Amino acid sequence: GLVQLANLPCVGPDTLSSAMCMDKGVMKTLLKAAGLPVATYLSFHCTDLIDVEEVIRHLRLPLFVKPANLGSSVGINKVHTQEEFWPCIQEAFLYDEQIILEEYIEGREIECSV
């Protein structure tokens, strides 16, 4: 954003694109609308009531708990048991008011910076 305001040449996405990708809920909505496969997820605000049994029934265990607007792996946890659920939820809410609960997909993770 600062580079754009300074009208300097820069390689990379613009401010809007970066913001959309940093918000996991917005990114998933846009990817899904574009017809791309997206892991099943639920999004919650810190004021929402979360029904643990319903979440586990919908996403199954293990599942991931993630702050919605944070990069890297900060605040992200893999929940294996119902007992791990609330501590992971509380940790994610330390970093953001919005969180994503996402199904676990077994496979190999590959990251590529472009």
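Scroll up a little and you will see the structure.
Throughout this description, residue numbers start from 1 for each chain and increase along the sequence as written. For a predicted model such as this one, the threshold for reporting local features is a pLDDT of at least 70, and the threshold for listing and counting side-chain atom pairs is 80 or more; totals across whole chains, interfaces and linings nevertheless cover every residue. Only hydrogens and water are removed before side-chain values are computed, so all heavy atoms of the structure are retained for them.

Engineer: Help me understand the packing of aromatic side chains, please; the structure alone is not making it clear to me.
Structural biologist: Note on aromatic pairs: each is described by the distance of the centres and the angle between the planes. Think of it this way: a Phe, Tyr or Trp ring, Trp meaning its six-membered ring, pairs with another when their centres are within 6.5 Å, and the plane angle makes it stacked under 30 degrees, edge-to-face over 60, tilted otherwise. A complete count under the given rule lists two aromatic pairs for this structure. Seen from their ring centres, Phe64 and Tyr104 are 6.0 Å apart, and the 40 degrees between their planes marks the pair as tilted. Linking Phe64 in strand E2 (residues 63-67) with Tyr104 in the segment after strand E4 (98-103), this pair joins segments that are 40 residues apart in sequence. The buried label goes to any residue with under 20% of its type's maximum accessible area, the exposed label to any with over 50%, and the partly exposed label to all in between, with areas taken from a 1.4 Å probe on protein chains only. For Phe64, a relative accessible area of 22% corresponds to the partly exposed category. A ring pair is formed by Phe85 and Trp86, whose centres lie 5.4 Å apart and whose planes are at 90 degrees; its orientation type is edge-to-face. According to the relative accessible area criterion, Phe85 is buried, its value standing at 0%. Judged by relative accessible area, which is 38%, Trp86 ranks as partly exposed. The ring of Phe64 has Lys66 sitting right over it, with the charged end atom 5.8 Å from the ring centre. Numbering goes from the N terminus for both helices and strands, where a helix is a DSSP run of H or I of at least four residues and a strand is a run of E of at least two. Whether a charge sits over a ring depends on NZ of Lys or CZ of Arg being within 6 Å of the ring centre and within 35 degrees of the ring normal.

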